Amino acid sequence: MRHEGANNKKMERTYIKDLQTKKGSEATIKGWVHIRRDQGKMIFLDFRDMTGKIQGVILPNAKEAHEVGSKLRPEWVVEVRGKVNARPEKNIQKEKQNGDIELEILSITVLNESETPPFDLSTDGKEIGEESRLKYRYMDLRRDRLQKNIRNRFKVTQLVRNELSAIGFTEIETPLLTKSTPEGSRDYIVPSRIEQGKFYALPQSPQQYKQLLMTAGMEKYFQVARCMRDEDTRGDRQPEFTQLDMEMSFVKREDVMAVNEDLLIKLVKTLYPEKEIQEIPFPRLTYAEAMEKYNSDKPDIRKDKNNPNLLAFCWVIDFPFFEKSDKGGWTFTHNPFSAPKPEHMEWLMKEEKIPEILTTQYDVALNGFEIGGGSIRNHQPEALKKVFKIMGYTDERIEKNFGHILQAFAWGTPPHGGIAWGFDRLMMLLENEPNIRETIAFPKTGEGRDLMMESPAEADPEQLTELGIKINVKK
Ligand code: ASP
């Protein structure tokens, strides 16, 4: 049974953001000591919880509180009871959360002490070496900037989920232990214990699964999908990253572009109202125009590059389907599952004018970064086979690698298309951050190392024996 007695009420926790509603009465907060300023007779303490900060003061007559207060250090975890007082007019800080109130501390209970943190948590952290920030990431995440980035990331995900489900999309999870899908990168592979000598591949994207969901009649799919690509070091890349992945049936290029453009506009207007979108509808450039005018297929078309709140989205379309591979044959520029533009389908089927075939690929660029890309797919098995043929695959190899999807397409797969957003990169731009690591809770270094968990690491010899694996490291 719950007692509503006066004592019980006092113990109830008030979130720091809600102290505003308690002016003139007592409240109990729980959180961390953010900053401590001991002025001898008076001790000032800023407290922090997930909802914000409040300044507290221990007055000279609060003997017990004073005793505890003088021992407190930053990052100690405390429960504090106090009186919520209005600040005298001259002390009001209008710009600051709770700048008009102050907690007059009556008692403090220490819930956990803290050793001296590895670095200052009261700054934006930009002055601290990244190695140290990543090694103690759980501490780094306590700082305001990271709290904001991670919480805003969730808000964006949530808005996307709500908007997509409102127009009939279903969120569906697809496997992580899978088979290689070519996206132009190296796969991470995972050894099988039960079938020694065989390997799963971690997905570079859910491309095949999402298309097979169209075969399955799901019609509108999305997923906040983790993708893994074993690529060489690059500032805005991570070995694992997040895509907002979607696929739709019975659509044309315009339909997919419209859904995504609307969603991007809605999300900026709702969650980042301080930002200005340079041009709506988003301008469209062909690949040829983008290369000619900006020498980039993800052009930065901002009219004012000094304005941190300017978002210049644009679409890039009409990419060539194929390009020469290192080995002298043909390879795809974006995605082998894309359809050519309808007017070029005949060239594909006849294997002629290969360099002139354009794909239905559409990329969305923002301020010089590619934040998304997708296409209408080749949903007829014969046409898809042609793509692999042009790339020099033998019939056996096509059958071995893609037999399952060709079979699926032979059983009434609807026309379909989709897109995937580089979600980390989008968050980086929305949060005005210099790299995607600032928007990921536990990122890896540029070299793909997790400094906190110390991974990658050697495997246990017993594990290797079970897997039938012998290590043969190049020295
Ligand atoms: N799977 C593609 C990619 O990861 C996106 C798409 O075509 O939907 O780039």
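Not measured: the values here are computed from a predicted model.

Peer 1: Is there a simple way to think about the overall build of the chain in this case?
Peer 2: The number of helices and strands found in the chain is 13 helices and 19 strands. For the chain, the C-alpha atoms occupy an extent of roughly 90 × 60 × 50 Å along the three principal directions. By the burial criterion, 47% of the 475 residues in the chain qualify as buried. Counting only contacts in the chain whose residues sit at least 6 apart along the sequence, the fraction spanning at least 24 positions is 65%. Taken as a whole, the chain presents about 25400 Å² of accessible surface, with 50% of it coming from carbon and sulfur. Put simply, the chain has 73 plus and 76 minus side-chain charges, and the middle of one group is 3 Å from the middle of the other.

Peer 1: Looking at this structure, how should I read the nonpolar core?
Peer 2: Soluble globular proteins tend to pack their nonpolar side chains together in the buried interior. With 40 residues, the main nonpolar core has Met-246, Leu-264, Leu-267, Phe-313 and Trp-421 as its most contacted residues. Breaking this core down by element, the ones donating at least two residues are α5 (144-166), β10 (240-249), α7 (253-271), β14 (313-317), β17 (362-366), β18 (369-376), β19 (416-422) and α12 (423-430). Per element, the largest residue contribution to this core is eight residues, and it comes from α7. Not counting chain neighbours up to four residues away, the residues in contact with Leu-264 comprise Phe-282, Phe-313, Val-364, Ile-371, Trp-421 and Leu-426.

Peer 1: For this particular structure, what's the right way to read helix α10 (residues 381-390)?
Peer 2: For an α-helix, 3.6 residues make a turn, and residues three or four places apart therefore share a direction. Most of α10 sits out of view: seven of its 10 residues are buried. Those residues of α10 that sit buried are Pro-381, Ala-383, Leu-384, Lys-386, Val-387, Phe-388 and Ile-390. In this structure, the buried residues of α10 make contact with β15 (322-324), β16 (330-332), α9 (345-350) and α11 (395-409). One or two steps after α10, the chain reaches Gly-392, where phi turns positive at roughly 90 degrees.

Peer 1: For this particular structure, what's the right way to read the confidence of the model for the chain?
Peer 2: In regions of low pLDDT, the predicted coordinates are not meant to be interpreted in detail. Averaged over the chain, the pLDDT score is 94; the fraction of residues at 70 or greater is 96%. Per-residue pLDDT stays below 50 along residues 1-9; that stretch engages in three contacts with residues further than four places along the chain or on separate chains.

Peer 1: I'm lost on the packing of aromatic side chains in this one. Help?
Peer 2: Each aromatic ring pair is summarised here by two numbers: the centre-to-centre distance and the angle between the ring planes. One pass over the structure, following the stated rule, counts nine aromatic pairs. On the numbers, 5.9 Å between centres and 75 degrees between planes, the contact of Phe-337 with Phe-402 is edge-to-face. Linking Phe-337 in the loop between β16 and α9 with Phe-402 in helix α11, this pair joins segments that are 65 residues apart in sequence. Seen in terms of ring centroids, Phe-388 and Phe-402 are 4.1 Å apart; in terms of plane orientation they differ by 10 degrees. Their pairing is stacked. Highlighted residues: Phe-388 in helix α10 and Phe-402 in helix α11, separated in sequence by 14 residues.

Peer 1: Teacher, can you tell me more about the pattern of salt bridges here?
Peer 2: Think of it this way: side chains of opposite charge can pair up when their charged atoms draw near. Here the structure, examined in full by the defined rule, presents 39 salt bridges. Across the salt bridge formed by Arg-284 and Glu-254, the nearest N and O atoms sit 2.9 Å from each other. Of this pair, Arg-284 sits in strand β12 (residues 284-286) while Glu-254 sits in helix α7, placing them 30 residues apart in sequence. Owing to a relative accessible area of 36%, Arg-284 belongs among the partly exposed residues under this scheme. Relative accessible area serves as the criterion here: at 40%, Glu-254 is assigned to the partly exposed category. For Lys-341, the salt bridge is made with Asp-318, and the minimal N-O distance between the two is 3.0 Å. One end of the pair, Lys-341, is in the loop between β16 and α9; the other, Asp-318, is in the loop between β14 and β15, and 23 residues separate them in sequence. Per residue, the accessibility class of Lys-341 equals that of Asp-318, and both read buried. Through salt bridges with shared partners, one network takes in Arg-133, Arg-137, Asp-140, Arg-143, Arg-145, Glu-433 and Glu-438.

Peer 1: Quick question: what am I supposed to make of a positive patch on the surface here?
Peer 2: A cluster of basic residues, Lys-179, Lys-327, Arg-397 and Lys-400, forms a positive patch at the surface. Looking at where Arg-397 falls in the secondary structure, it is placed in helix α11. Relative accessible area serves as the criterion here: at 41%, Arg-397 is assigned to the partly exposed category.

Peer 1: Can you walk me through α11 in this structure?
Peer 2: Helix length check: α11 (15 residues) gives 17 Å between terminal C-alpha atoms against 21 Å at 1.5 Å per residue, more than 12% under. In the structure, α11 departs most strongly from a straight axis at Phe-402, where the bend amounts to approximately 80 degrees. Listing the buried residues of α11 in full gives Ile-398, Phe-402, Gly-403, Ile-405, Leu-406, Ala-408 and Phe-409. In this structure, the buried residues of α11 make contact with α6 (207-215), α10 and β19.

Peer 1: Looking at this structure, how should I read the packing of α5 against α12?
Peer 2: The description of two helices packed together rests on the angle between their axes and the distance between the axes. Here α5 crosses α12 at 120 degrees, and the two axes come no closer than 11 Å. With respect to α12, the element α5 is oriented oblique. The chirality of how α5 crosses α12 is right-handed. Contacts between α5 and α12 involve Asn-152, Arg-153, Val-156 and Thr-157 from the former and Phe-423, Asp-424 and Met-427 from the latter. Of the residues assigned to the contact of α5 with α12, the class counts are three nonpolar, two polar and two charged.

Conventions adopted
- Residues numbered from 1 in each chain as written.
- Predicted model: local features only at pLDDT ≥ 70, side-chain atom pairs only at ≥ 80, totals over all residues.
- Heavy atoms only, no water.
- Helix = DSSP H or I, 4+ residues; strand = E, 2+ residues; numbered from the N terminus.
- Buried < 20%, exposed > 50% of the residue type's maximum accessible area, 1.4 Å probe, protein only.
- Contact = heavy atoms within 4.5 Å.
- Areas by Shrake-Rupley, 256 points an atom, 1.4 Å probe, with all protein chains shown as cover.
- Lys, Arg positive; Asp, Glu negative; His and termini not counted.
- Charge placed at Lys NZ, Arg CZ, Asp CG, Glu CD.
- Core = buried A, V, L, I, M, F, W, Y, C linked by side-chain atoms within 4.5 Å.
- pLDDT = per-residue confidence, 0-100.
- Phe/Tyr/Trp six-rings, centres within 6.5 Å; stacked < 30°, edge-to-face > 60°.
- Salt bridge = Lys/Arg side-chain N within 4 Å of Asp/Glu carboxyl O.
- Patch = residues over 30% accessible without salt bridge, like charges linked within 9 Å, V, L, I, M, F, W, Y side chains within 5 Å.
- Expected span 1.5 Å × (residues − 1).
- Bend = angle between axes of the 7 residues up to and from the residue.
- Axes fitted to C-alpha atoms, helices over the stretch in contact; angles between N-to-C directions.
- Parallel < 35°, antiparallel > 145°, perpendicular 65-115°, else oblique.
- Left-handed = near helix turned anticlockwise from the far one by under 90°.
- Nonpolar A, V, L, I, M, F, W, Y, C, P; charged D, E, K, R; others polar.

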